[in-house]
Amino acid sequence: MGAVPPLPDATPVVVLVSGSGTNLQALIDASDDPAYGVRIVAVGADRDGIPALDRAERAGIETFVLRVADHPSRAAWDAALAERVAAASPELVVLAGFMKLTGAAFLARFGGRTLNSHPALSPSFPGMNAPRDALAHGVKITGATLFVVDEGVDTGPIVAQVAVPVLDDDTVDSLHDRIKSSERGMLVEWVGRLARDGHSIDGRRVVTPPNRRNL
Ligand code: GRF
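Keep in mind it's a predicted model, so treat the numbers as computed, not measured.

1. A word on the overall build of the protein
Tallying secondary structure elements over the protein gives 6 helices and 9 strands in all. Whereas a compact globule of 215 residues would reach a radius of gyration of roughly 17 Å, the protein reaches 17 Å, a difference of no more than 12%. Dimensions of the protein, computed from the C-alpha atoms along their principal axes, are close to 45 × 45 × 35 Å. Counting over 215 residues, the protein shows a buried share of 46%. If you take every contact in the protein between residues at least 6 apart in sequence, the share linking residues at least 24 apart comes to 61%. When the accessible surface of the protein is totalled, it reaches about 10,100 Å², and 53% of it is carbon and sulfur. Separation between the mean location of the 21 positive side-chain charges and that of the 26 negative ones in the protein comes to 2 Å.

2. Looking at the pairing of strand S6 (residues 141–148)
The buried count for S6 comes to 7 of 8 residues, which makes it a mostly enclosed element. Two strands pair when backbone bridges link them, and strand S5 (residues 114–118) and S6 are joined in this way by 4 bridges, in the antiparallel orientation. Residue pairing in the sheet places Ser117 in a bridge with Leu146 of S6. Pairing geometry for S6 and strand S7 (residues 158–165), over 7 bridges, is antiparallel. Pairing of Leu146 across the sheet is with Ala160, part of S7.

3. Considering the environment of Thr114
Note on placement: Thr114 falls in strand S5. With 99 residues separating them along the chain, Thr114 and Val15 place their C-alpha atoms 9.6 Å apart. When sequence neighbours within four positions are dropped, the list of residues in contact with Thr114 reads Val93, Leu95, Phe106, Phe147, Val148 and Val149.

4. Focus on the pairing of strand S4 (residues 92–95)
In S4, alternate side chains face the same way, and those of Leu92 and Val94 on one face and Val93 and Leu95 on the other are all buried. Two strands pair when backbone bridges link them, and strand S1 (residues 11–17) and S4 are joined in this way by 4 bridges, in the parallel orientation. Opposite Val14, over in S4, you have Val93 as the bridge partner. Crossover S4 to S5 through helix H4 (residues 104–110) is right-handed.

5. With respect to the domain arrangement of the protein
The domain architecture assigned to the protein consists of domain 1 (1–110) and domain 2 (117–215). The straight-line distance from the C-alpha centre of domain 1 to that of domain 2 is 19 Å. Of the residues lining the interface, 18 residues belong to domain 1; the matching set on domain 2 comes to 20 residues. Taking both sides of the interface into account, the surface hidden between domain 1 and domain 2 amounts to around 1,600 Å²; carbon and sulfur atoms contribute 69%. The interface formed by domain 1 and domain 2 contains 5 residue pairs in polar contact (both at pLDDT 80 or more). If you tally residues by element for the side of domain 1 that touches domain 2, the top one is helix H1 (residues 22–31), at 5 residues. Per-class residue counts for the side of domain 1 that touches domain 2 are 12 nonpolar, 6 polar and no charged.

6. A few points about unusual backbone geometry
Residue Pro123 is bonded to the preceding Ser122 through a cis peptide linkage, with omega at 10°. With respect to the helices and strands, Pro123 occurs in the loop between S5 and helix H5 (130–137). Even without glycine at this site, Phe125 takes up a positive phi of about 55°. With relative accessibility at 17%, the residue Phe125 sits in the buried group. Positive phi, normally seen in glycine, also occurs at Asp154, with a value near 60°.

Rules of the game
Residues numbered from 1 in each chain as written. Predicted model: local features only at pLDDT ≥ 70, side-chain atom pairs only at ≥ 80, totals over all residues. Heavy atoms only, no water. Helix = DSSP H or I, 4+ residues; strand = E, 2+ residues; numbered from the N terminus. Rg over C-alpha atoms; globule rule 2.2 N^0.38 Å. Buried < 20%, exposed > 50% of the residue type's maximum accessible area, 1.4 Å probe, protein only. Contact = heavy atoms within 4.5 Å. Areas by Shrake-Rupley, 256 points an atom, 1.4 Å probe, with all protein chains shown as cover. Lys, Arg positive; Asp, Glu negative; His and termini not counted. Charge placed at Lys NZ, Arg CZ, Asp CG, Glu CD. Pairing = 2+ DSSP bridges. Right-handed = clockwise from strand over helix to strand, strands pointing away. Domains from an automatic or database assignment. Buried area = accessible area lost by both parts, 1.4 Å probe. Polar contact = N/O pair within 3.5 Å; in protein donor to acceptor, adjacent residues only side chain to side chain. Nonpolar A, V, L, I, M, F, W, Y, C, P; charged D, E, K, R; others polar.

This is how it looks when you write it as structure tokens:
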């Protein structure tokens, strides 16, 4: 399927990354199928030298890097990020392991259509160390949450969630690896659904039309 170009009406998506990019890879692989309805038009990062950028380059996707340290302030970086993402004209933005909070300028442009994936069952365990925090708390079930980004830390309206059991012998790494495996499936399924069928937001509820094509 890799040689088949996307349908012209595939939804343009920008993906932002900071790390290994396994979630990005899952989206790249899914996008190879024209029926998936997603065209990744650019991949952006807040740092150089990460495997996620190599994955994008291997797939022939345009990349860019905007480092906070190269800007006079966090707000200036956020405005530059919004400009750069806008230049790719996406309809959806997906934060896939992007380890920065987007700010006011970014949300003014892309609020309501920026998705983020968090490795916990929100509203439990927001922040950077969710698998560690879930393990330390002793929960028996954790998981991953896909949500629409708002001003808070992992607080936005929830698109989808997947549950993952915590095993007695789990380490932070083994738990996070298992979460990521489920997280990838959820991300691929729901980014595709939103790209193909759209969504609306009613208060805290994300409303999606029925999954007509059942991909
Ligand atoms: C994911 O678990 C994501 O939810 C978290 O960081 C991980 C990113 O992994 N914020 P990858 O870079 O997609 O492999």
